[in-house]
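Geometric and topological summary
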Amino acid sequence: NENMSEIAAATNHRIIGIEPGAGLMELTSTAIEEYDLDDWTLVEGSSAAMVAELQKAYNNEEPIIITGWTPHWMFSSFDLKYLEDPKGSFGGAEDIHTVVRKGLEKDVPGAYKILDQFTWEPSDMEEVMVDIANGTDPTDAAENWVNANEVKVAEWTKGAQSGNGEQIKLVFVAWDSEIASTYVVGKVLQEHGYNVTLSQVEVGPMFAGVANGSADGMVGAWLPTTHQEYYNTYKNDFQDLGRNLHGTKNGLVVPKYVEINSIEDLQ
Ligand SMILES: C[SH](C)CC(=O)O
């Protein structure tokens, strides 16, 4: 329809994505095939660049289509909606899992127990993400949240022996969600006596690093759909401690002023 041709022209038939290796990009490529969106191009970049483009389009009330996920602070900063996905290309609600290297429980039982007991809600993660998006340094945002949530943190550290300066290395990808979770759990480990290093990597090295033991753990495995390929490649070489968050979502996201409601409208 005429409105759709305006959107296609204004977006130059581009869907603004994030890092090439992200599972969300794989899911978007699948959706482009399954919905026959032959005229559309998925633009690779980074989470930060995607948000910058969203901010610019939103300020000018121009159409934009991005690869989006929940939890994310952008839903509290902008009036956004997911495009309906009738073919289910993006899968359903997912979990984020904690994964650690084999041997961690024997080597550093207290840190293992904290990582195993780490679990929180999407709203908890969004609080930290919004604080960081408003300019607070991730280290300070993590401290703010930990100080304001002693009861929840006490559940994570319950029965965990204190560290004595042992090194713990966590790896993460610079997705706003994983920056929040990694800095928070790193802060809790540090307060419990461990010497914590947080190392930013791409998604493949995040899984590979825990599998080969060069990293002790990560809290950013999106399962069962988003990271299934990485998980299946490395699952025999690491220990999956189960979910630390339930209720994520992936999809194509537009500002509410963009008058389309389904991925089918892009055809
Ligand atoms: C962008 S989601 C946090 C993770 C992923 O897509 O790989």
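Note: the structure precedes this text.
Here is a short report on the structure shown in this document. What you see is a predicted model; the values in this text were computed from it and never measured. (Residues numbered from 1 in each chain as written. Predicted model: local features only at pLDDT ≥ 70, side-chain atom pairs only at ≥ 80, totals over all residues. Heavy atoms only, no water.)

**Let's talk about the side chain of S89**
Within the secondary structure, S89 sits in the loop between β4 (80-82) and β5 (94-101). Classification of S89 by relative accessible area gives buried; the value is 7%. Polar side-chain contacts of S89 include one of 2.5 Å to the side chain of E34. Once residues within four sequence positions are removed from consideration, S89 is found in contact with L27, A31, E34 and Y35. (Helix = DSSP H or I, 4+ residues; strand = E, 2+ residues; numbered from the N terminus. Buried < 20%, exposed > 50% of the residue type's maximum accessible area, 1.4 Å probe, protein only. Polar contact = N/O pair within 3.5 Å; in protein donor to acceptor, adjacent residues only side chain to side chain. Contact = heavy atoms within 4.5 Å.)

**Some words on helix α7 (residues 122-133)**
Along its twelve residues, α7 runs 16 Å from first to last C-alpha, staying within 8% of the 16 Å computed at 1.5 Å per residue. Every buried residue of α7 is accounted for by P122, D124, M125, V128, M129 and D131. Backbone geometry just after α7 places G135 at a positive phi near 110°. (Expected span 1.5 Å × (residues − 1).)

**Notes on empty space enclosed by the protein**
According to the stated counting rule, one finds one cavity of 30 Å³ or more in the structure shown. By volume, the largest cavity is sized at about 80 Å³. Contributing to the lining of the largest cavity are I18, A22, G23, L24, W69, W175, S177, W222, T226, H227 and N250. Tallied by class, the residues present in the lining of the largest cavity amount to six nonpolar, five polar and no charged. When residues of the lining of the largest cavity are sorted by domain, at least three fall in each of domain 1 (2-92 + 250-266) and domain 2 (94-248). (1 Å grid on protein atoms, 1.4 Å probe; cavity = no way out; pocket = protein on both sides within 12 Å on 5 of 7 lines; lining within 4 Å. Points joined across faces, edges and corners; volume = space filled by probe spheres on them. Nonpolar A, V, L, I, M, F, W, Y, C, P; charged D, E, K, R; others polar. Domains from an automatic or database assignment.)

**Here we look at the side chain of T11**
Structurally, T11 can be placed in helix α1 (residues 2-11). In terms of polar contacts, T11 uses its side chain to reach the backbone carbonyl oxygen of I7, at 2.7 Å. T11 has contacts with W40, P63, I64 and I65, leaving out every residue within four places of it along the chain.

**A look at the packing of α7 against helix α8 (residues 138-148)**
Remark: α7 packs on α8, axes separated minimally by 9 Å, with the N-to-C direction vectors making an angle of 140°. Considered as vectors, α7 and α8 are oriented oblique to each other. Note on packing geometry: the crossing formed by α7 with α8 is right-handed. Touching D124, E127, V128, D131 and I132 of α7 are P138, A141, N144 and W145, all from α8. When the residues that make up the contact of α7 with α8 are grouped by side-chain class, the tally is five nonpolar, one polar and three charged. (Axes fitted to C-alpha atoms, helices over the stretch in contact; angles between N-to-C directions. Parallel < 35°, antiparallel > 145°, perpendicular 65-115°, else oblique. Left-handed = near helix turned anticlockwise from the far one by under 90°.)

**Observations concerning the layout of surface pockets**
Of the pockets and cavities examined, the largest pocket occupies roughly 240 Å³. Forming the walls of the largest pocket are 16 residues, and the residues nearest its centre are A22, G23, E26, L27 and E229. When contributions to the lining of the largest pocket are tallied by element, the ones reaching two or more residues are α2 (23-34) and α12 (228-234). For the lining of the largest pocket, the element with the most residues is α2, which contributes six residues. Along the lines of polarity and charge, the residues of the lining of the largest pocket split into six nonpolar, seven polar and three charged. When its volume is computed, the second largest pocket comes out at roughly 160 Å³. Residue lining of the second largest pocket: A10, T11, N12, R14, I16, E53, K56, A57, E62, P63, I64 and I65, and that is the complete set.

Such coordinate-based values are descriptive only and should not be taken to indicate function.
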